[in-house]
Amino acid sequence: MATARGKVRDKTGTAPAEDSFRLQTETGHKASRSKTEPALAEYRRKRDFTATREPAAGRARGQAMAPLYVVQKHAARRLHYDFRLELGGTLKSWAVPKGPSLDPAVRRLAVHVEDHPLAYADFEGSIPAGHYGAGEVIVWDRGVWEAADADPAAAYRAGKLKFHLLGEKLSGGWTLVRSRLPGSGGKEQWLLIKENDAAARQAADYDIVAARPDSVLGHAPLPEPDAKPDKAVAAALPARLAPTLATLVATPPAGDWRYEVKFDGYRLLARVEDGEARLFTRNGLDWTAKLPEIAAALRALDLAPSWLDGEIIVPDAAGRPDFQALQNAFERGRSADIVYCLFDLPYHAGLDLRAVPLEQRRARLESLLAGKDDRLRFSTELPAGGGDLLRSACALGLEGIIGKRAGSSYVSRRSADWIKLKCKLRQEFVIGGYSAPQGGRSGFGALLLGVHEASGALRYAGRVGTGFSEDQLHALHARMQRLAQPTPPFSPPPGRQESAGATWLAPELLCEVEFAAWTREGLVRQAVFRGLRADKPAQEIVRERPAANPGPAGKPGQGKVAGIAISHGERVIDAESGTTKRALAEFYDSIAPHLLAQLAGRPLSLLRAPEGIAGEQFFQRHAETLAIPGLHRIATVTDDEPLIGIDSRRALIGAVQMGTVEFHSWNTDFRHIERPDRIVLDLDPDPALPWARMVEATHLVLVLLDELGLAAYLKTSGGKGMHIVVPLAARQEWEPVKAFAKGIAQHLARHLPRQFVASMGPKNRVGKIFVDYLRNQQGASTVAAYSVRARPGLPVSVPISRDELETIDGAAAWNVHTLAARLAGLATDPWVGYAHRQRLTDAMRQSLGLA
DNA sequence: GGGAAAC
DNA sequence: GTTTCCCAACGCCGC
DNA sequence: GCGGCG
């Protein structure tokens, strides 16, 4: 024991090649083949940071340093947990609870240090994706323990691990702070923070809330509750207070706005005075008696006379507000689960703070709540950036976000300085009936909606009774009457109340509906009719799962997609969109006909990422031991091992179950594997180039192909570039076809040197577009049209028409969430006319200078 | 994610 | 039993 | 020329 700090790490030798840090032991390290941004410098910086830290003042001599920390990296809006242990002693082994290391539920690391029994180190909390924007956070748990303490976990529990560094400026610009983060259960954490762009933000953005009494340095910029802020006015505490209400807006406005989570609960104001706490709804009803635990927690804060403003919620398992759970909590008189999320402090300690800038009120509020009852939580600020922020909030299954203008004051009315941005859900439903009109309404009352279960049954999904014009109402009614049938198409049929007076319809009509949320029973809430749809077979209408929403558990068939059991269906494959493995499988199931048309008959390479796109990724070209139902293993003369062929839904979903994210196809067919039947040119731009340059370059290539007399088809790559596909009759073998593709690339590079390069190196590619012709050799493959890409947000490679090139705003125009809408809105196949008829002629070769 | 080799 | 390794292929680039 | 990298 008590060997030098950093020993474990030093023994590992080489730095990992990926941007994450695997826990490293003396048995070696694991270099990943992950195709992510280079992170060697990143790694070195962090290593340097730990290596160059000065020992903390006040540490007794002879004590072993045994810091344990958890590294969480969050760059470019990708959340990444990883664990690194640095222990005095030789690390023997370690364990993270089974499952993805991204699992926010991971709370405990087991560590095994030589000469020590198995020790556990707990850490608490998690940081949801999107919380910190671009930047990095290290969740840090640090302390010392006596060498005599055989069990560091016991020492930790006994409080012998001392924290004693706060606000310490560390090398490399890191700062140690103590803070509470959303999702942390209100618990404070030690955080090491570092800004990528310090100028863009202020330290206060990080919610630094408290200094420990034993803080050595303690110069963190803490709010000073006792100082009287500008504009604060001494005032008696009013008996009543009406809250500031937010204005609903559709898009994030310009300007300086501070965003918070929109809580799906009840607004509640708290009045605290003389050891008494009372709770009021926004209409002034006294709910103190309904919320004894909250009231007690507020009393325990022992506040000087104050009004606090917040919202009560019941968090679901993932920490998100759950409106129904809140209602249930009231119904059952179980208010103990309720949490009060506080976001404002209009009065405090005899001061009227309403005119004080928002940030100051909130800083003061946060300091009041720091380290107090878990039922009282500070509503943390979300990172700047409205549009993306809303998207990520929605992807996390939140109801929306609230924006407050920087510096705004607290007013007792609806304010334009407080805005709410809602995540609206929208999807198609099958119309399975309608209810009788009520009152002055003619035609029908509401449409009875359904979605298909995985089993194929049409499940009742609630009703929509608003959103149609008078004309629509009549037209729809007339149309529906022709589809009337005596029995409900739903299975099981809706309850008596829903069925009363209903007219049942053959499940043929589809409509688009916008709604606020799915209820726990799987019905739409606050649904609005947005129009009929007619572009999809009714059978394809299924519930579109909001990302990261596992859905009701325990239902039969719940774990299966297309008959394939999906293990770890709740695993989040992509943190940015919150897409789970099951959602990915369902996505592939939903586009199976499109994708299978691209894959069938071709040898494939699979890009697999069993632990999600942030984990290790690898290609697989040989069927090997791959146990996928319906997968073809095809022996060929070209490869010793059988290749992979997929031509069924089962095999497709089976591949997804095995962690496949991307499907890459060869430019040939098993039937003529030595003769390619297409050329694929991958236009791969310098990432810094604007999209307009990409559009221009694509046009230029199309012009060249037109001149040669070759028809070509476009698809987005799902990344930065475009793929141009030239279908061929499978006449020639790989070599001449590759030479032809190379000829095109070199022709472009030669004649349009400002736009194109034909060689791969990034060196002379600055500001240009690399025409990647290398995908046209034997054994090479290109991501298939309709394949997802293993990148943040899970974009999809999508065929487009030449006309559409002008209209899209990037090669990642569609992703797993938005592709359905595109397919639904598509009148004609963007690749209409695609046929393998073209030949490469000598005349073409001459034109290219290949002769 | 899972088979198989290496501990 | 437990842990690690493997799962493409190619051209570039730096040693 | 070899190996790591993208």
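By the naming in an unreviewed UniProt entry, chain A goes by DNA ligase (ATP) and is assigned to Dechloromonas hankyongensis. The UniProt entry for chain A carries the following comment under Catalytic activity (unreviewed entry): "ATP + (deoxyribonucleotide)n-3'-hydroxyl + 5'-phospho-(deoxyribonucleotide)m = (deoxyribonucleotide)n+m + AMP + diphosphate." You can read under Cofactor (unreviewed entry) in the UniProt record for chain A the words "Mn(2+)".

Asks: Any details on the pairing of strand β13 (residues 257–261)? Residues and values, ideally.
Replies: By the criterion of burial, β13 is predominantly enclosed, with five of the five residues buried. Across five bridges, β13 lies against strand β21 (residues 400–405) in antiparallel orientation. Residue V261 lies in a different strand from β21, and its bridge partner there is I401. Summarising the sheet, β13 and strand β20 (residues 381–382) pair through two bridges and their orientation is antiparallel. Residue pairing for β20: Y259 is matched across the bridge by L382.

Asks: Lay out the pattern of salt bridges in plain terms, naming residues and giving numbers.
Replies: Counted under the stated rule, the structure contains 22 salt bridges. With its nearest N and O atoms 3.6 Å apart, the salt bridge here joins R258 to D256. Among the residues examined, D256 registers a relative accessible area of 46% and is labelled partly exposed. One salt bridge connects R582 with E570, and the closest N-O pair in it is separated by 2.5 Å. Placement of the pair is R582 in helix α10 (residues 581–590) and E570 in the loop between β33 (564–565) and β34 (572–574), with a sequence separation of twelve residues. Of the residues examined, R582 reaches a relative accessible area of 9% and is grouped as buried. For E570, a relative accessible area of 36% puts it in the partly exposed group.

Asks: Before we move on, can you summarise helix α8 (residues 470–481) with the specific residues and values?
Replies: Over its twelve residues, α8 runs 17 Å from end to end, which matches the ideal 16 Å to within 8%, given 1.5 Å per residue. Of all the residues in α8, the buried ones are L473, L476, H477 and M480. The buried residues of α8 occupy an angular sector of 105 degrees when the element is viewed end-on, so they sit on one face. Exposed side of α8, more than 90 degrees from the buried face: D471 and A475 are the residues found there. Elements that come into contact with the buried residues of α8 comprise β23 (425–434), β24 (447–452), β26 (484–485), β27 (503–505) and β31 (528–533).

Asks: Residues and numbers for the nonpolar core, please.
Replies: Counting residues in each nonpolar core, the largest one holds 86 residues, and the members touching the most others are Y588, I646 and F663. At nine residues, helix α13 (residues 691–708) tops the list of elements feeding residues into this core. Of the domains in this structure, domain 4 (560–665) and domain 5 (678–780 + 797–809 + 831–845) are the two that each give at least three residues to this core.

Asks: Give a description of the packing of aromatic side chains that names residues and reports values.
Replies: Under the defined criterion, the tally for this structure stands at 13 aromatic pairs. Considering the side-chain rings of Y266 and W287, the 5.3 Å spacing of their centres and the 75 degrees angle between planes classify their relative orientation as edge-to-face. On the criterion of sequence distance, the pair formed by Y266 in strand β14 (residues 266–273) and W287 in the loop between β15 (276–281) and α4 (292–301) is long-range, its members being 21 residues apart. The exposure class of W287 is buried, given its relative accessible area of 13%.

Asks: Tell me about unusual backbone geometry, and please be specific about residues and values.
Replies: Residue P492 is bonded to the preceding S491 through a cis peptide linkage, with omega at -5 degrees. Locating P492 in the fold gives a position in the loop between β26 and α9 (496–499). For A562, which is not a glycine, the phi torsion comes out positive at approximately 50 degrees.

Asks: Just give me the short version of the pairing of strand β36 (residues 604–608), but keep the residues and values in it.
Replies: The element β36 is extensively covered by neighbouring structure, given that five of its five residues are classed as buried. Residues L604, L606 and R608 point to one face of β36 and S605 and L607 to the other, with burial holding for every one of them. Note that β36 and strand β40 (residues 660–666) share five bridges and pair antiparallel. Bridging from a neighbouring strand, R608 pairs with T660 of β40. Where β36 meets strand β37 (residues 618–620), three bridges bridge the pair, whose relative direction is antiparallel. Across the sheet, L607 pairs through a bridge with F619, a residue of β37.

Reading the values: the criteria
Residues numbered from 1 in each chain as written. Chains lettered and ligands numbered in written order. Predicted model: local features only at pLDDT ≥ 70, side-chain atom pairs only at ≥ 80, totals over all residues. Heavy atoms only, no water. UniProt positions renumbered as here; feature names shortened; annotations may be inferred. Buried < 20%, exposed > 50% of the residue type's maximum accessible area, 1.4 Å probe, protein only. Helix = DSSP H or I, 4+ residues; strand = E, 2+ residues; numbered from the N terminus. Pairing = 2+ DSSP bridges. Salt bridge = Lys/Arg side-chain N within 4 Å of Asp/Glu carboxyl O. Expected span 1.5 Å × (residues − 1). Arc of directions from axis to C-beta. Contact = heavy atoms within 4.5 Å. Core = buried A, V, L, I, M, F, W, Y, C linked by side-chain atoms within 4.5 Å. Domains from an automatic or database assignment. Phe/Tyr/Trp six-rings, centres within 6.5 Å; stacked < 30°, edge-to-face > 60°.

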